[in-house]
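Single-letter residue listing:
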Amino acid sequence: MAQKLFKVDRLKNSNIEIQYGSQWVTIDDEFIKYILSKEKWIEHTFKNTICPDEIFLPTLLVNSKYKNRLFYAKMTENKSSDEFQGNLRYINWWSGPQYPKVWGTEDYNELAQAKEKGYIFARKFDSSFDVNIINEVLKNDDIDNK
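Parameters and conventions
Residues numbered from 1 in each chain as written. Predicted model: local features only at pLDDT ≥ 70, side-chain atom pairs only at ≥ 80, totals over all residues. Heavy atoms only, no water. Patch = residues over 30% accessible without salt bridge, like charges linked within 9 Å, V, L, I, M, F, W, Y side chains within 5 Å. Areas by Shrake-Rupley, 256 points an atom, 1.4 Å probe, with all protein chains shown as cover. Salt bridge = Lys/Arg side-chain N within 4 Å of Asp/Glu carboxyl O. Helix = DSSP H or I, 4+ residues; strand = E, 2+ residues; numbered from the N terminus. Buried < 20%, exposed > 50% of the residue type's maximum accessible area, 1.4 Å probe, protein only. Polar contact = N/O pair within 3.5 Å; in protein donor to acceptor, adjacent residues only side chain to side chain. Arc of directions from axis to C-beta. Contact = heavy atoms within 4.5 Å. Core = buried A, V, L, I, M, F, W, Y, C linked by side-chain atoms within 4.5 Å.

**Concerning a nonpolar patch on the surface**
Reasoning step 1: A grouping of Val25, Ile27, Ile32 and Leu36 is seen on the molecular surface, where their side chains present a nonpolar patch of about 320 Å² in accessible area.
Reasoning step 2: Among the structural elements, Ile32 can be located in helix α2 (residues 29–37).

Structure below.
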């Protein structure tokens, strides 16, 4: 509130592209070292801000030489889109009723289609909500068949 009141703009004279994305990411050792080397910049830029890891990490990435390593950079806003969620995790943020959606047995075909598209993870499962979907996914997973 104070920053808004006093019109604080930490990025006013910078060329930083602010980005957001999932914090559920897979990154390599080289990028981890880069993140650690930017600790002071991260703290200076994002300290005392409303900035979860969904903002600082993607912002750091797209403003670095590592941007070209993104699997898929375009954001997916909803299920009606044919776009791919680039972190290889199938997460339903669009239909609820909880967000992200907790998968149930009735969602098995949707999860199977996501796997065919190339997703290797799905979120969110809850055994107290529906243990059957977990068992069904595990039963039909081909990890043990390789």
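**Comments concerning the side chain of Gln19**
Reasoning step 1: Mapped onto the fold, Gln19 is located in the loop between α1 (2–5) and α2.
Reasoning step 2: When its relative accessible area of 18% is taken as the criterion, Gln19 is described as buried.

**Some remarks on the environment of Asp28**
Reasoning step 1: Checked against the element boundaries, Asp28 lands in the loop between α1 and α2.
Reasoning step 2: With a relative accessible area of 34%, Asp28 lands in the partly exposed category.
Reasoning step 3: Here Phe31 takes part through its backbone nitrogen, which lies 2.8 Å from a polar atom of the side chain of Asp28.

**With respect to the pattern of salt bridges**
Reasoning step 1: Per the counting criterion, the structure on display carries six salt bridges.
Reasoning step 2: Lys67 is paired through a salt bridge with Glu17; the nearest N and O atoms lie 3.9 Å apart. On the criterion of sequence distance, the pair formed by Lys67 in the loop between α4 (53–62) and β1 (89–91) and Glu17 in the loop between α1 and α2 is long-range, its members being 50 residues apart.
Reasoning step 3: When the shortest N-O distance is used, the salt bridge between Lys101 and Asp107 registers 2.9 Å. For the pair Lys101 and Asp107, one class covers both residues: buried.
Reasoning step 4: Shared partners join several salt bridges into a network, and the residues in it are Asp28, Glu30 and Arg69.

**Some points on helix α3 (residues 39–46)**
Reasoning step 1: Listed as buried for α3 are Ile42, Thr45 and Phe46. Buried residues along α3 cover an arc of 75° about the axis, so they all sit on one side. Exposed and facing more than 90 degrees away from the buried side of α3 are Lys40 and His44.
Reasoning step 2: On its buried face, α3 sits against α2 and α4.
Reasoning step 3: Following α3 by one or two positions, Asn48 adopts a phi angle in the positive range, close to 60°.

**Observations concerning the nonpolar core**
Reasoning step 1: Formed by Phe31, Tyr34, Ile35, Ile42, Phe46, Cys51, Leu57, Leu60, Leu61 and Tyr66, the largest nonpolar core amounts to ten residues.
Reasoning step 2: Secondary-structure elements contributing two or more residues to this core are α2, α3 and α4.

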